[in-house]
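Fold and geometry: a report
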Amino acid sequence: MNSRQELRQRERGLRKRGEAVLKAGLPQTPVKDDMVAVAYVLARLLRDTAVPDRASRAADAVHAMCEASRKRAPGAARLACGKGCGYCCHGWVGASVPEAMLLARAIRSGKGAGESRVAGIVDRSIPLAGLNPSQRFGAKLPCPLLVDNICSQYRERPTTCRQATSLDLSKCVEEFEGQGEGGEIPVSAVYLAHARNARVPLLAALRMAGLETHTYELSAAVSRLLVEPDAEMRWLGGADVLVGIARGPREPAAVEHAVSVIASEVGGLVAAAD
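To start, this report covers the structure provided alongside it. (Residues numbered from 1 in each chain as written. Predicted model: local features only at pLDDT ≥ 70, side-chain atom pairs only at ≥ 80, totals over all residues. Heavy atoms only, no water.)

Side note on the nonpolar core
Ranked by internal contacts, the top residues of the largest apolar core, which has 61 residues, are Leu46, Met208, Leu225, Trp235, Leu242 and Ile262. Dropping the residues within four chain positions of it, Trp235 is found in contact with Ala55, Val97, Pro98, Met101, Leu206, Leu211, Glu212 and Val241. (Core = buried A, V, L, I, M, F, W, Y, C linked by side-chain atoms within 4.5 Å. Buried < 20%, exposed > 50% of the residue type's maximum accessible area, 1.4 Å probe, protein only. Contact = heavy atoms within 4.5 Å.)

The structure is reproduced here in structure tokens:
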């Protein structure tokens, strides 16, 4: 078998494995080869210029994988969370650019979509503009997507929201009331792992596609994207469509290391496949 045949064989293997994992989900502790395969599929999608909404599609794919992973390995801990419990929807949230774009696309095309809904979300984001996490603490300022204490875009919520679980409701109430800043809310390690396992291959794919991996304050990012419908195409073309919006903190060292390992392992293969 010559080198070209070997290359194509590996590409087919990675694509088949990655697509299967995206559909079936991952265990709490995944094997590296599965993460590599998922990142490869996402990177190929992000580099496919024939797909104009490929950034939001990539976010949608990892969110679906995250949900499949949760169903596959739900964990045994009993969550204190429930429908109508929106305490965690009043804090500072960061999201990757593809995740913010997915939300904006879903809002524009979803049930009840129209200028009035878009304007309402943009207006509700104004009080949050420029506030840092400490300033949001105890301020009781809701996410602009929160309606009657329920997320109006729950299906498209970013991985940060997907990992925001609680095992002790009293701690959530304390934080909502502005008590004990810096304290920790006990969370589900399983949900945290599933969100991380979705975020790592997406970040690696963005890096392999030459796109930024920063996170941005969710409400401001979504509001900007709602009023600029062509933002996804411009961002994919290299434009800084979220300039001026606060960025989130750097990823934990373990996440950054995993992203670097994956990108270095198949980055050359992604580029060669174009």
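Regarding the packing of aromatic side chains
Going through the model one piece at a time under the given rule, you end up with 1 aromatic pair. Measuring from ring centre to ring centre gives 5.2 Å for Tyr87 and Phe176, while their planes differ by 70°; the resulting arrangement is edge-to-face. Placement of the pair is Tyr87 in the loop between α3 (54-72) and β1 (94-96) and Phe176 in helix α8 (residues 169-176), with a sequence separation of 89 residues. You can call Tyr87 partly exposed: its relative accessible area is 30%. The aromatic ring of Tyr154 is capped on one face by Arg157, whose charged end is 3.7 Å from the ring centroid. (Phe/Tyr/Trp six-rings, centres within 6.5 Å; stacked < 30°, edge-to-face > 60°. Helix = DSSP H or I, 4+ residues; strand = E, 2+ residues; numbered from the N terminus. Lys NZ or Arg CZ within 6 Å of the ring centre and 35° of its normal.)

Quick notes on helix α9 (residues 189-208)
Taking 1.5 Å as the rise per residue, α9 with 20 residues should run 28 Å; its terminal C-alpha atoms sit 29 Å apart, in good agreement. A large share of α9 lies buried, amounting to 16 of its 20 residues. (Expected span 1.5 Å × (residues − 1).)

So yeah, pure geometry; function would need other evidence.
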